[in-house]
Amino acid sequence: MIPIKPIDLSVDLVHHFLERSARFYPDKVAIVHGKARVAYSEINTRADNLARHFLSHGVQKGDRIALLMENCVEYVISYYAIMKAGAVAVPLNSDLKPEGLRYAINDLEAKILIFGSRFDKLISSSDLDAFGLTHLIRKGPLSSLGDVVSFDAVSRFSSGNDGHEFSTLNHELSDSDLASIIYTSGSTGGPKGVMLTHRNIVDNTFSICQYLHLTEKDIQMCVLPFFYVMGKSLLNTHFAVGGTIVVNNQFAFPATVLKEMIAEKVTGFSGVPSTFAYLLHRSPLAASRDKLDSLRYVTQAGGHMSKAIKEQLRRVLPSHTEIVIMYGATEAAARLSYLESSWFADKMESIGKAIPGVELIVMNEQGKEASTGEVGELVARGSNIMPGYLNKPEATSKALAGGWYHTGDQAYRDEEGFFFVVGRQDDLLKVGGHRLSPQEIEDTLMESGLFVEAVVLGMPDEFLGNKLVILAVPSNSSCTSNEVMSFCAGRLPKYKVPSEVRFAKNLPKKTSGKIDRKGCLALFAKTVAP
Amino acid sequence: MEQIRKQITEFITTNFLFDESITLGVEDSLLDTGVIDSTGVLELVAFIEETYGIKIEDEEIVPENLDSINNISLYISQKLSQLTADKAAN
């Protein structure tokens, strides 16, 4: 295992990232959002004010405070203020419906919710009083909602100890205390709250800074939501080194994002596979290539991206821009492995090797380390692995069985030690006598150049168990079913050839941008065959 | 222009505005109100290209053209006028 090199040994709690950068780079712009450019000192002062407000409301160490906002300056202030007060930050998915919000508030036993005005209707229709929520803090203009405190009022003005730097409850907090809980959608049993300690997040952040060589000169364009572990990791890594985060919530209009990347001289851009599929399909990325002088690297995580898209991305990005493929999980505080950019051409399909501080192996069915080339489950251990899921002891025991975190991904390791994920255990489809990974077929489909995105699904079938079908977004409106099927017949063995293709304008996605396979299956059923 | 605005309103109401209690003003940002996301923008672009027979360039997929019912209607009107002028010139 490669050891982690801490940026600063005195940093052992997550909010120390902000406090350290406010000390070393007080006037440096920490966040750019639209016309707002906010310095580290201002974020730290407002976070101190908000933390004092929490304490004056009786917040105790370990209390959970929920956050429901889009990416913005106030989000960042809230996130660090919660931890300064010794509480646990719980970023919630901005796509939640009333049932989901009630579930989370109940599961967390949260008493405080901080939210943006866009969520007024969701809040008022969720009947949250019944779940013990007693204090609402709202960002936005005056509202018709009842007992609500203005975010500006409690973060801009101090509620005590004026003139003194806020003294975090450091003496009471240790790095093994909880810092954050992030909900992840489980395939069974409802959403699971992944509990992450300060140590989990701090170590993973240091590790990422180390392998991406991040410094205070780095400027990250952030289009991924902060409630998603990858978005949160972008925030923490850049705050750890004193860099700058450019928040842009308009990725739906990629030309706008590219324009801002050029104007702000962004050095890093990160996305999930659909981010890059969208950028390559409907954005002026190729035309902007010569203007992206500062773009040092792009990182891709959040699931497997097809080789065809990776190759296309390599062709379109400036030659000096490195592409770093990464792999991780919410349960790992974000990151487990990365493929060093120098290996991109040779090992494009690999997720690379373990990051510093992480041990990664392929485990076979006998619970032993698999031999080279043998497919088994990818398991990991390290100081970044969660202590468990909130209120879910059974799921915790299963995920952490034998002292390893079980990723649920099927993978193998090649003779040079690089890991390759072949698919998710949950996604494996039983077709006749075969167990197939849709990922492999999807990769082949993408090589045809016929699609922007394609997903292979299993439709229940009386004889086969499942029959393979394709739901795809064609790159050209003239694409026909015959064209697709003859490509498949020419490239895939017979048992892997899907029986049908249907076209959609878009594939359903989760708010993190990942493909929603259940949603795709429902859309396939509703879509008429071409 | 009024006809275009009506068609666009109908398309957005049918495809994205599932919550009937939301009243969307013609100037309201589709993104800020949470009515549309990146997937929705692509659907909107495809609808405009198919319905009005115009080609939307990648550089034109920006909020100034597509983030409110009014902006969309104005943008389509301008594109159609340009198309007519180009045809006349040829």
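Residue positions within a chain follow its written sequence, with the count starting from 1. Chain letters and ligand numbers both follow the written order, the letters beginning at A and the numbers at 1. The predicted origin of the model limits local features to residues at a pLDDT of at least 70 and limits the giving and counting of side-chain atom pairs to 80 or more, whereas totals for whole chains, interfaces and linings rest on all residues. As a rule here, side-chain values cover all heavy atoms of the structure and leave hydrogens and water aside.

Topic: helix 1 (residues 16-24) of chain A
Residues and elements named next belong to chain A. Just so we agree on the cut-off: In this scheme, a residue with accessible area under 20% of its type's maximum is buried, one over 50% is exposed, and one in between is partly exposed, where area comes from a 1.4 Å probe on protein chains only. Labels follow the DSSP assignment, with helices taken as runs of H or I lasting at least four residues and strands as runs of E lasting at least two, numbered in each case from the N terminus. It only takes one pair of heavy atoms within 4.5 Å for two residues to be counted as in contact.
Along helix 1, seven of the nine residues are buried, which leaves the element largely enclosed by surrounding structure. Within helix 1, burial applies to H16, F17, L18, E19, R20, S21 and A22. Along its buried surface, helix 1 packs onto helix 2 (40-56), helix 3 (73-84), helix 7 (198-212) and helix 8 (229-241).

Things to note about the packing of helix 2 of chain A against helix 3 of chain A
Residues and elements named next belong to chain A. Stated precisely, the cut-off is as follows: Every axis corresponds to a line fitted to the C-alpha atoms, with the helix fit spanning only the stretch in contact, and the corresponding angles, defined between N-to-C directions, vary from 0 to 180 degrees. Each angle gets one of four labels, with under 35 degrees taken as roughly parallel, over 145 as roughly antiparallel, 65 to 115 as roughly perpendicular, and the rest as oblique. Note: crossing handedness is left-handed where the near helix turns anticlockwise from the far helix by less than a right angle, and right-handed where it turns clockwise. Classification convention: Asp, Glu, Lys, Arg as charged; Ala, Val, Leu, Ile, Met, Phe, Trp, Tyr, Cys, Pro as nonpolar; all other residues, Gly among them, as polar.
The contact between helix 2 and helix 3 brings their axes to 8 Å, and the two run at 50°. Here helix 2 lies oblique to helix 3, going by the angle between them. Viewed along their axes, helix 2 and helix 3 form a crossing whose handedness is right-handed. Facing I43, N44, R46, A47, D48, L50, A51 and F54 of helix 2, the residues of helix 3 in contact are V76, I77, S78, A81, I82 and K84. Partitioning the contact of helix 2 with helix 3 into residue classes produces nine nonpolar, two polar and three charged.

Let's talk about the interface of chain B and chain A
Basically, it comes down to this: Buried area is a sum: the accessible area each of two parts loses on coming together, probed at 1.4 Å, counted once for each and added. The rule for a salt bridge is simple: a side-chain nitrogen of Lys or Arg has to be within 4 Å of a carboxyl oxygen of Asp or Glu. Side-chain atoms alone can form a polar contact between residues adjacent in sequence; in general such a contact is a pair of N or O atoms within 3.5 Å, and within protein one must be able to donate a hydrogen while the other accepts it.
Tallying the contact residues gives 26 residues for chain B and 19 residues for chain A. Where chain B abuts chain A, roughly 1800 Å² becomes buried across the two surfaces, and 61% of that area is made up of carbon and sulfur atoms. Among the residues chain B hides against chain A, the three largest losses belong to L31(B), L42(B) and D58(B). Together they make up 30% of the total. Here chain B and chain A share two salt bridges between them. The shortest N-O distance in the salt bridge between R282(A) and D58(B) comes to 3.0 Å. If you look at where chain B meets chain A, you find two residue pairs in polar contact (both at pLDDT 80 or more). When contributions to the side of chain B that touches chain A are tallied by element, the ones reaching two or more residues are helix 2 (38-52) and helix 3 (63-66) of chain B. Per element, the largest residue contribution to the side of chain B that touches chain A is nine residues, and it comes from helix 2 of chain B.

A look at empty space enclosed by the protein
All names here are of chain A. Let me state the cut-off plainly: Grid points spaced at 1 Å over the protein atoms alone were grouped into cavities, where a 1.4 Å probe fits but cannot get out, and pockets, open sets with protein on both sides within 12 Å along at least five of seven lines, with lining residues defined by an atom within 4 Å of a point. Grid points are joined across faces, edges and corners, and a volume is the space filled by probe spheres set on the points.
Enumeration over the complete set of coordinates arrives at three cavities of 30 Å³ or more. Here the largest cavity is characterised by a volume of approximately 90 Å³. Along its surface, the largest cavity is lined by 14 residues, and I201, K232, S233, N236 and A333 are the ones closest to its centre. Among the elements of the structure, strand 8 (178-184), helix 7 and helix 8 are those that each provide at least two residues to the lining of the largest cavity. For the lining of the largest cavity, the element with the highest residue contribution is helix 8, accounting for five residues. Among the residues forming the lining of the largest cavity, the class breakdown is seven nonpolar, six polar and one charged. As a volume, the second largest cavity reaches approximately 70 Å³. Residue lining of the second largest cavity: 13 residues in total, with I208, L212, S233, L234 and M326 positioned closest to the centre. The element that contributes the greatest number of residues to the lining of the second largest cavity is helix 8, accounting for five residues. Residue composition of the lining of the second largest cavity, by class: seven nonpolar, five polar and one charged.

Considerations on the packing of helix 2 of chain B against helix 4 (residues 69-89) of chain B
Residue and element names in this part refer to chain B. Running from amino to carboxyl end, helix 2 crosses helix 4 at an angle of 35°, the nearest separation of the two axes being 12 Å. Seen along the crossing, helix 2 lies across helix 4 with a hand that is right-handed. Along the contact surface, helix 2 presents L44, I48 and Y52, while helix 4 presents I72, I76 and L80. Of the residues in the contact of helix 2 with helix 4, the class split is six nonpolar, no polar and no charged.

Quick look at the pairing of strand 20 (residues 405-413) of chain A
Residues and elements named next belong to chain A. Stated precisely, the cut-off is as follows: Here, any two strands with at least 2 DSSP bridges between them count as paired.
For strand 20, a buried count of seven out of nine residues is recorded, marking the element as mostly surrounded by other parts of the structure. The pairing of strand 18 (residues 376-382) with strand 20 spans four bridges and is classified as antiparallel. Pairing of E377 across the sheet is with Q410, part of strand 20. The pairing of strand 20 with strand 21 (residues 419-424) spans five bridges and is classified as antiparallel. Bridge pairing in strand 21 places Q410 opposite G423.

Looking at the domain arrangement of chain A
Residues and elements named next belong to chain A. For clarity, the threshold we go by: How far each domain reaches was decided by an automatic or database domain assignment.
Partitioning chain A into structural domains gives domain 1 (38-173), domain 2 (201-425) and domain 3 (428-526). The distance between the C-alpha centroids of domain 1 and domain 2 comes to 29 Å. Taken residue by residue, the interface counts 17 residues in domain 1 and 18 residues in domain 2. The largest contributions to the domain 1 side of the interface with domain 2 come from Y40, N71 and Y79, which together make up 43% of the buried area. Counting the contacts that link domain 1 with domain 2 gives zero salt bridges. Linking domain 1 to domain 2 there are nine residue pairs in polar contact (both at pLDDT 80 or more). Looking at the side of domain 1 that touches domain 2, the elements with two or more residues in it are helix 2, helix 3 and helix 4 (98-108). Among the residues forming the side of domain 1 that touches domain 2, the class breakdown is eleven nonpolar, three polar and three charged.

Considering the sheet that holds strand 25 (residues 465-474) of chain A
What links the strands of a sheet is backbone hydrogen bonding, and the strands pair in either a parallel or an antiparallel sense. All names here are of chain A. Reading across the sheet, the three strands line up as 24-25-26 and stay open at both edges, with mixed pairing between neighbours. A strand with exactly one partner marks an edge of an open sheet, and here the two such strands are strand 24 (451-461) and strand 26 (500-503). Across the sheet, the mean angle separating the axes of adjacent strands is 30° when strand polarity is ignored. Pairing geometry for strand 25 and strand 26, over four bridges, is parallel. Bridge pairing in strand 26 links A472 to F503. Those strands touched by helix 15 (residues 438-447) are strand 24 and strand 25, and its axis lies near 145° from that of strand 24.

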